[in-house]
Each structure stands twice: as structure tokens, then as C-alpha cells.
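Spelled out, the chains give:
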Amino acid sequence: MRSRKLRRNETLEDCPRCGRETVHRVALKLKQTSTGGDVSPENVKFARKPVRTTACLECDARSRTLRDRD
Ligand SMILES: [Zn+2]
């Protein structure tokens, strides 16, 4: 039973590998969906979208929350 305080970049999530709710470290990355060269500057921001990744601090399992799949 842990009762540590969560940091701002940590969250409690269900870890499929641990089979229980564990602390995950959250990272947000901008994923570039376009290769770049063919996107005008006004559209660059639309070609990127944040990808939320979490890593279980117990078993280091990583997961991504994506709206679409690679
Ligand atoms: Zn885990």
C-alpha cells in the first residue's frame, strides 16, 4: 500500500501488466503526422498533435493514448 504523493506529471492509471492501478509518469509529445516539407507554415500546427504517453513506475510498461493508430 503506497501513499506517496503524485507529482504533476504522474497519474494513477490501471496497468494491464501489473493488473492494478499504479503510478504512471505522463509525458506529452508532439507527434508530427506530416513529413513537413509539403506543409505550409500556417498548417504545421495542424499537422502535429499531442500524443500522451504513460509509463508505469512499477513495471515500466509504456502505453500511448492515441486517437489514431500508426
Ligand atoms: Zn505496471
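Chains are numbered independently. Their residues run from 1 in the order of the written sequence. In keeping with the predicted nature of the model, local features appear solely for residues at pLDDT of at least 70, side-chain atom pairs appear and are counted solely at 80 or more, and the whole-chain, interface and lining totals rest on all residues. Only hydrogens and water are removed before side-chain values are computed, so all heavy atoms of the structure are retained for them.

> Please explain the overall build of the protein chain as it appears in this structure.
Secondary structure follows DSSP: runs of H or I at least 4 residues long count as helices, runs of E at least 2 residues long count as strands, and numbering of each begins at the N terminus. Check the secondary structure of the protein chain and you find 1 helix and 4 strands. Tracing the protein chain from N to C terminus, the helices and strands come up as β-β-α-β-β. Think of it in three bands: residues with accessible area under 20% of the maximum for their type are buried, residues over 50% are exposed, and the middle band is partly exposed, with areas taken using a 1.4 Å probe on protein chains only. Residues classed as buried in the protein chain amount to 23% of the 70 residues present. Should any heavy atoms of two residues lie within 4.5 Å, those residues are considered in contact. Once local pairs closer than 6 in sequence are excluded, the contacts in the protein chain between residues at least 24 apart make up 38%. All accessible areas in this document rest on Shrake-Rupley with a 1.4 Å probe, and a residue is counted as covered only by the protein chains that are shown. Entry remark: accessible area of the protein chain is about 5900 Å², with carbon and sulfur atoms responsible for 47%.

> Quick question: what am I supposed to make of the coordination of the zinc ion here?
Octahedral metals with six donors have ideal donor angles of 90 or 180 degrees. Tetrahedral metals with four donors have an ideal donor angle of 109.5 degrees. Here a donor is an N, O or S atom found within 2.8 Å of the metal, or within 3.2 Å if the metal is Na, K or Ca; sites may look incomplete because water is not among the atoms. Protein-derived ligands of the zinc ion are Cys 15 (SG), Cys 18 (SG), Cys 56 (SG) and Cys 59 (SG), with the metal-ligand distances lying across 2.2 to 2.4 Å. Around the zinc ion, the 4 donor atoms are arranged such that angles at the metal cover 105 to 114°; this shape is classified as tetrahedral. We note that the donor set of the zinc ion lies within a single chain, spaced as C-x2-C-x37-C-x2-C. On the basis of relative accessible area, Cys 15 is assigned to the buried category, the value being 1%. With a relative accessible area of 27%, Cys 18 lands in the partly exposed category. A four-donor site is classed as tetrahedral when every donor-metal-donor angle falls between 85 and 135 degrees; four donors are called square planar, and six octahedral, when trans pairs exceed 155 degrees and all remaining angles lie between 65 and 115, with any other arrangement labelled irregular.

> What is the right way to look at the pattern of salt bridges in this model?
Pairing between side chains of opposite charge can happen when their charged atoms approach one another. Only one rule defines a salt bridge in this text: a Lys or Arg side-chain nitrogen within 4 Å of an Asp or Glu carboxyl oxygen. Taken as a whole, this structure holds 3 salt bridges when the rule is applied. Notably, a salt bridge pairs Glu 13 with Arg 52, separated by 2.7 Å at the nearest N-O pair. Here Arg 52 lies in strand β3 (residues 48–56) and Glu 13 lies in strand β1 (residues 10–15), a separation of 39 residues in the sequence. Judged by its relative accessible area of 19%, Glu 13 falls in the buried class.

> Hey, could you run me through unusual backbone geometry in this one?
If a residue is not glycine, its phi is most likely negative; likewise, a peptide bond is most likely trans. The phi torsion at Asp 60 lies on the positive side, around 70°, for a residue other than glycine. Within the element layout of this structure, Asp 60 appears in the loop between β3 and β4 (62–65). Judged by its relative accessible area of 45%, Asp 60 falls in the partly exposed class.

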